[in-house]
Amino acid sequence: MWGLFVQIFPYVIAYTIPMLITSLGGLYSERSGVSNLGLEGLMLSGYFATAFFIKLTENIMPHGICIVMGLLAGIICGMLFALLHAFASINLKADQTISGTAINMLAAAVTVYAARMITGSGNIPILMGIVRNDIPVISKIPVVGPLFFARSYWSSWLALGIWAFSWWLLYSTSFGLRLRACGEHPSAVESAGINVYAMRYFGVLMSGALSGLGGGIMLVTYSGEFNGSVAGLGFLAIAAMIFGQWKPLGILGATFFFGFFTTLANVSQVIPALGSVPTVIFKIFPYVVTLIALVFSSKHMSAPAADGVPY
Amino acid sequence: MDSNYVIEMLHIRKEFPGIIANDDITLQIKEGEIHAILGENGAGKSTLMSILFGLYRPDRGTIKVRGQEVTIKNPNDATRLGIGMVHQHFQLVHNFTVTENIILGKEDGFILHRKEAALKIKKLSEKYGLNIAPDMKIEDISVGMQQRVEILKMLYRDANILIFDEPTAVLTPQEIDDLMQIMRNLVKEGKSIILITHKLNEIKAAADRCTVIRRGKMIDVVDVASTSMQDMAAMMVGRPVSFKVDKAQAQPGRPVLELKNLCVMNTKNVPGVKNFNLTVHAGEIVGIAGVDGNGQSELVEAITGLVPVQSGQIIINGTDAAHLTIRRRNELGLGHIPEDRQKRGIVPIESISDNIAIKEFYRPPFSRYGILDDGYMRRYAQNVVDHFDVRSGEGIKSPAGKLSGGNQQKMIVGREIAMNPELLIAVQPTRGLDVGAIEYIHKQIVAHRDKGNAVLLVSLELDEIFNLSDRIAVISGGELMNIVYTSETNEHAVGLMMAGVRQQEVR
Amino acid sequence: MADKIKEEHKSSPFLIAFSAVILGLLAGGILMAVIGENPFAAYGFMFKGSLMNMERIGNSLATAMTLLFTGLAFAFAYKTGLFNIGCSGQMLVGGLMATIVAHYVFLPRPLYLIILILSAIAGGAAWAAIPGYLKAKFNVHEVVSTIMMNWIAYWSIYYFIPAYLKGPSLETESSSIVVSQSLRTSWLSNIFTGSEYVNNSIFIAVAAIILIQYLLSRTTLGFSLKAVGANKSCAEYAGINVNRSIVLSMTISGALAGLAGLSYYTGYSLNMQIGVMPSQGFDGIAVALLGASTPVGVLLASIFFGILQSGKGFMNAMTSVPPEIADTIISVIIYFTATSILFEKLWNGFFHKIHEKQEEKAAAADKQTQEAQ
């Protein structure tokens, strides 16, 4: 049993990290007061851009640089799509739910359209992603070692670093204080002489950057191929944000919770112990779990007070 | 006398689509004075001050600070010039602490130093006699303390000219006295104060001079000590004003509303209303006086069915309605003029006609077998609009959201009274309205009483309570402090009760 | 005077829709040009592909009908304050119910059709009622919950069909229903000279539009649902049962999406494919928004999108433009309908300038006549 757990745990981490970083992106946006349902599309755009870049350069650049630049491409692409949402929501005071949905649909269409240009089929496989490594020394620590530090991707540590930094930024700096205030009481912020629009642009662009990064990380860790869809992962990230009550620590817990069950679903076929349960149960399990989690966490929502309300 | 003026706003003009908010207004504030700006709701006082604070730019006119002409493009500019504003609706983030709210925008560096800031704030508050608790969250402190936080925000930024926008709307009489004292302290320390208000007795109590504004125009600048309240009122409204409603003696009949041991929980899951007992009779107006946040909202929401009752009875016309649906209570004879007309009272995008029908559309003669009778709805709505003087751009087709605040309120009052409810609950029925609309609505409420109906009035304005009520029930901390006949009490006594001081029952 | 002009020439929903469509087609044209194709030629093929002859018109119409139902579904929920992004899942479930009935229920045609239609309605309605209930009771955001339901439906069907409705040849298809059990009729197919896809859902669609329009504007049910959508707090205050309204709105919306499944899986096509999330569920959002969420607007918008979707295959065959161009154009249109304020300002400014010019001319003419006197 334990062996099974240790076996799948690295997969759990790999699966959770893209969700975590995307959910973190959503946090920036919603904390600044702009609801962002377009995380799915933003993630997809990063997924595509990273694949696109790596495909074009994997034979000419050294592997490590190729991956890093690819992730950067994902970040930029995410930010570009997020710009559309920011402009519509902040300057034009559009309905943020519709704008977010439009981003999802636009990303889904444009990325496949562009992918067809390179490969004709719409899928972009890459030759090699990040190679997993055992971190020297610490991966030998009993129990914790093999669980967290063996066969790990460096991108996971990057993501966790960004998460920790974000926690510090939001709660220990004046910038974070102002950003959070924009999502609670924008007119108070305005009276204090701070530009609410600029803060909200930051929040939305961050959500694009981090979601794009999430899509890119997904590609270079466990996916290996752009296939036109992130299968609802962006929405799971939103659900995790709600379940985590819009707090960094809550999001960490929530994404790992969802990630654990989703991984279980994905690996169920290869693990004999779980073979007797019909596959369909595993496939729908993550979505059902999400629904149940939402039931428990939506009643007393501590969403930022001005979230989703155009200012 | 130019060098004596710390602030001059000269020939200010500000226009919004469809309305001239400020029409050639000149305002001159002397250093070290408390200067009141008197005007009805909608006269243009808040707009003028928003210009001074940098939230709007004037279309024409100049602003001088200590003789120097300045341009104030945003609140930062105003703050740099030493101008600070305590807003009517507090600009405070509810789940941040007092300290965080005060330092927002003036954090002294990238990294937050909450402890150091809290100490600085505590010292500042002691200097001016403003009692606050730096580490508490705004949502957990009293309204009076919230206001002091707003004042501290200004002092933290070294403001010398302090603007108070309708500061006493949410305070008890005692807290108002405290505020007046705070203002005098500030003036002693060399500050100048601009007080925006429509309350004459407070101007008389605190201000040195007063600028009267009516419909966007400056009427006069008077010396407060030598001008009577009657004269100031007449200048504010443009005609002689009587503040008393012509009211016949009440003829109370049978009980229409009986509250027995009513207990209601509030949104924080603590008791909001505790063991409340009250009877309202046909043909009388009972006013509930109390400081905002002492249980009036929960009381009204429980009676009208918007929140559940923890225990106790709500008897309307002999039936215990405590567990009945809102619709059922309406059918029993309940009418409700809600506290927040934008949130509860109207559906902004729907027509006046639909808004007026919203409580009765489901039954004849408004509809039959599930099909609406458009013709009837239109005729009924037109009737209400004519009777209650609701003015709109396109008649009953107009979306309710396009009406002015006064007309929206008249529509709501009209809708409720037209149903002829035996129990009318009116909460803040004249908030934000000009004197003309206030007089009108007061008349309607009294007329409704005179038809033999019961009225429960909840208001934060003691004037309104004293003007309309036959009896006054005081609520404090969710409990009924006392019920008195209006004729047998005064504002001071009621103010004490509002603050929680029990007295012997004088029924 | 200026204000009055603004009221009279306020941009109508039609102008906004028109502007959004133009911009969408423009964006599509740019994307076509980027890959080296001539946009005008490509669009030409697209419209030819959908309108060239009666057969193709019939096919376009059939495509449009599915979009009409999902558009109506989204529009109905939207008008009553809810975002039903779950039309794809509701369509799948409704379609599944209809397919099962088509395989196992054999009755005289009129009775059979009634049962077929009801089964699709029941499937879609039930699938939407769940998120509706979760929203009403637990305040669960319906966008997230309906998308979860989409995926649950997707995977359930993925395994259900090969297990119980397996087609003879492909693993990924259900076994086809007999044409006589479908919504296709020979006389319709004859009118549209051999169109393979045209079917009776046209009549069901028209009936649905009339019904929904009547429901929303003339009934007490429609009145309550619209009030809850427009201002929940006021509706509650007025005595309307808000929770019941939310569930009812979603249920009716789901029923309409279920009809989309009926139209698509037992009319347009004769079987169900697994592993495909029907895009019509999302296209319905575009249809609804373009049609300003009114039944008639939805009708017109669905025909337009039907033309787009129906012609993209032909265009792809005749040029190298990928069929995803249609989805791209559609999502750009959605984006611009969300940002409609931009158009309102533009059109208002445009009309205002025209009016100003007219006033100037009139003033100048007056001056001339005065000077002449």
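Quick notes on the rules
- Residues numbered from 1 in each chain as written.
- Chains lettered and ligands numbered in written order.
- Predicted model: local features only at pLDDT ≥ 70, side-chain atom pairs only at ≥ 80, totals over all residues.
- Helix = DSSP H or I, 4+ residues; strand = E, 2+ residues; numbered from the N terminus.
- Buried ≥ 20, exposed ≤ 12 C-beta atoms within 10 Å, placed from the backbone.
- Contact = placed C-beta atoms within 7 Å.
- Rg over C-alpha atoms; globule rule 2.2 N^0.38 Å.
- Pairing = 2+ DSSP bridges.
- Axes fitted to C-alpha atoms, helices over the stretch in contact; angles between N-to-C directions.
- Core = buried A, V, L, I, M, F, W, Y, C linked by C-beta atoms within 7 Å.
- Left-handed = near helix turned anticlockwise from the far one by under 90°.
- Nonpolar A, V, L, I, M, F, W, Y, C, P; charged D, E, K, R; others polar.
- Parallel < 35°, antiparallel > 145°, perpendicular 65-115°, else oblique.
- pLDDT = per-residue confidence, 0-100.

(A) Spotlight on the overall build of chain C. Helix and strand content of chain C: 16 helices and zero strands. In terms of its C-alpha atoms, chain C occupies a principal-axis envelope of roughly 90 × 60 × 35 Å. A buried classification covers 55% of the 373 residues belonging to chain C. A fraction of 78% describes how many contacts in chain C between residues 6 or more apart in sequence connect residues 24 or more apart.

(B) Fine view of the overall build of chain A. Scanning chain A for helices and strands turns up 12 helices and two strands. Of the regular secondary structure in chain A, the N- to C-terminal order runs α-α-α-α-β-α-α-α-α-α-β-α-α-α. Taking 19 Å as the expected radius of gyration for a compact globule of 311 residues, we find that chain A reaches 19 Å, a close match to that expectation. In terms of overall dimensions, chain A has a C-alpha envelope of 60 × 45 × 40 Å along the principal axes. Across the 311 residues that make up chain A, the buried fraction comes to 56%. Across chain A, the fraction of contacts at a sequence separation of at least 24, relative to all contacts at a separation of at least 6, is 78%.

(C) Examining the pairing of strand E6 (residues 83–86) of chain B more closely. All names here are of chain B. Where burial is concerned, the two faces of E6 agree: the one with Ile83 and Met85 and the one with Gly84 and Val86 are both buried. Direction of pairing for E6 relative to strand E7 (residues 161–165): parallel, over a ladder of four bridges. For Ile83, the partnering residue across the bridge sits in E7 and is Ile161.

(D) Structural detail: the sheet that holds strand E1 (residues 5–16) of chain B. Residues and elements named next belong to chain B. Strand order in the open sheet formed by four strands is E2-E1-E4-E5, and the pairing between neighbours is antiparallel. Where the open sheet ends on each side, the last strands, each with one partner, are strand E2 (19–30) and strand E5 (68–70). Taken pair by pair, the neighbouring strands of this sheet meet at an average axis angle of 25°, ignoring direction. Where strand E4 (residues 60–65) meets E5, three bridges bridge the pair, whose relative direction is antiparallel. The partner of Lys64 across the bridge, within E5, is Glu69.

(E) Just the environment of C:Val101, in detail. All names here are of chain C. Tracing the backbone through its elements, the reader meets Val101 in helix H5 (residues 87–104). C-beta crowding within 10 Å serves as the criterion here: with 23 such atoms nearby, Val101 is assigned to the buried category. As a C-alpha pair, Val101 and Ser224 span 123 residues in sequence and 34 Å in three-dimensional space.

(F) Spotlight on the interface of chain C and chain B. Tallying the contact residues gives 15 residues for chain C and 23 residues for chain B. Counting only elements with at least two residues in the side of chain C that touches chain B, the list comes to helix H10 (220–230) and helix H11 (232–237) of chain C. In terms of residues, the side of chain C that touches chain B owes the most to one element, H10(C), which gives five residues.

(G) Structural view of the nonpolar core. In this structure, B:Leu456, C:Phe69 and C:Ile334 are the most contacted members of the largest nonpolar core, which totals 283 residues. The greatest single-element share of this core, amounting to 15 residues, is contributed by helix H4 (residues 54–79) of chain C. Each residue touching C:Ile334, except ones within four places of it in the same chain, is listed here: A:Ile98, A:Thr101, A:Ala102, A:Met105, C:Ile285, C:Ala286 and C:Leu289. In terms of nonpolar packing, the next biggest core, distinct from the first, is built from 78 residues, A:Cys182, B:Ile83, B:Leu92 and B:Ala206 among them.

(H) Seen up close, the packing of H4(C) against helix H13 (residues 280–290) of chain C. Residues and elements named next belong to chain C. Packing of H4 against H13 brings their axes to within 7 Å, and their N-to-C directions diverge by 65°. Our pair here, H4 against H13, has a crossing hand that is right-handed. Residues Thr66, Leu67, Thr70, Gly71, Ala73, Phe74, Ala75 and Tyr78 of H4 form the contact with H13, whose own contacting residues are Gln280, Gly281, Asp283, Gly284, Ile285, Val287 and Ala288. For the contact of H4 with H13, a count of residues per class yields eight nonpolar, six polar and one charged.

(I) Structural view of the pairing of E2(B). Of the pairings in the sheet, the one linking E1(B) to E2(B) comprises eight bridges and is antiparallel in character. Each residue of the ladder has a partner; that of B:Ile12, found in E2(B), is B:Ile25.

(J) Up close: the interface of chain A and chain C. Facing 39 residues of chain A, the contacting portion of chain C comprises 36 residues. Of all the secondary-structure elements, those providing two or more residues to the side of chain A that touches chain C are helix H3 (63–91), helix H4 (96–119), helix H10 (233–243) and helix H12 (279–297) of chain A. If one sorts the elements of the side of chain A that touches chain C by residue count, H4(A) sits on top with 14 residues. Of the residues assigned to the side of chain A that touches chain C, the class counts are 27 nonpolar, seven polar and five charged.

(K) Molecular detail of the sheet that holds strand E12 (residues 271–281) of chain B. All names here are of chain B. Here we have four strands laid out as an open sheet, ordered E12-E11-E14-E15, and antiparallel in their pairing. Edge positions in the sheet fall to E12 and strand E15 (319–320), since each of these pairs with one other strand and no more. By the bridge criterion, two bridges tie strand E14 (residues 311–316) to E15 in an arrangement that is antiparallel. Bridge pairing in E15 links Ile316 to Thr319. Of the strands in this sheet, strand E11 (255–265), E12 and E14 are in contact with helix H9 (residues 296–304), which crosses E12 at around 65°.

(L) Geometry of the environment of B:His198. Relative to the helices and strands, B:His198 is located in the loop between strand E8 (192–197) and helix H7 (200–206). With 170 residues separating them in the primary sequence, B:His198 and B:Arg368 have C-alpha atoms 48 Å apart.

(M) Unusual backbone geometry, seen in detail. Residue and element names in this part refer to chain B. Of note, the bond from Pro364 into Pro365 is cis; its omega dihedral lies within 30 degrees of zero at -5°. Its identity as a non-glycine residue notwithstanding, His11 has a phi of 50°, on the positive side. Secondary-structure assignment places His11 in strand E1. Phi at Asp108 is positive, roughly 60°, even though this residue is not glycine. Inspection of the secondary structure puts Asp108 in the loop between helix H3 (98–103) and helix H4 (114–128).

(N) Summary view of the packing of helix H6 (residues 154–172) of chain A against helix H7 (residues 174–184) of chain A. Residues and elements named next belong to chain A. At a minimum axis separation of 5 Å, H6 and H7 run at an interaxial angle of 75°. Looking at the two axes, H6 sits roughly perpendicular to H7. Contacts from Leu169, Leu170, Tyr171 and Ser172 in H6 reach Phe175, Gly176, Leu179 and Arg180 in H7. Its residues assigned to classes, the contact of H6 with H7 shows five nonpolar, two polar and one charged.

(O) Geometry of the confidence of the model for chain A. The predicted model of chain A averages 88 in pLDDT, with 97% of residues at 70 or higher. Considering each helix and strand of chain A separately, the mean pLDDT is smallest for helix H5 (residues 144–149) of chain A, with a value of 74, and largest for helix H9 (residues 196–223) of chain A, with 95.

(P) Seen up close, the confidence of the model for chain C. Residues and elements named next belong to chain C. Per-residue confidence for chain C averages 87 on the pLDDT scale, and 97% of its residues sit at or above 70. The low-confidence segment residues 1–9 (pLDDT under 50) makes seven contacts with residues lying over four places distant or belonging to another chain. Overall fold confidence for the complex sits at a pTM of 0.85, while the interface term, ipTM, reaches 0.86.

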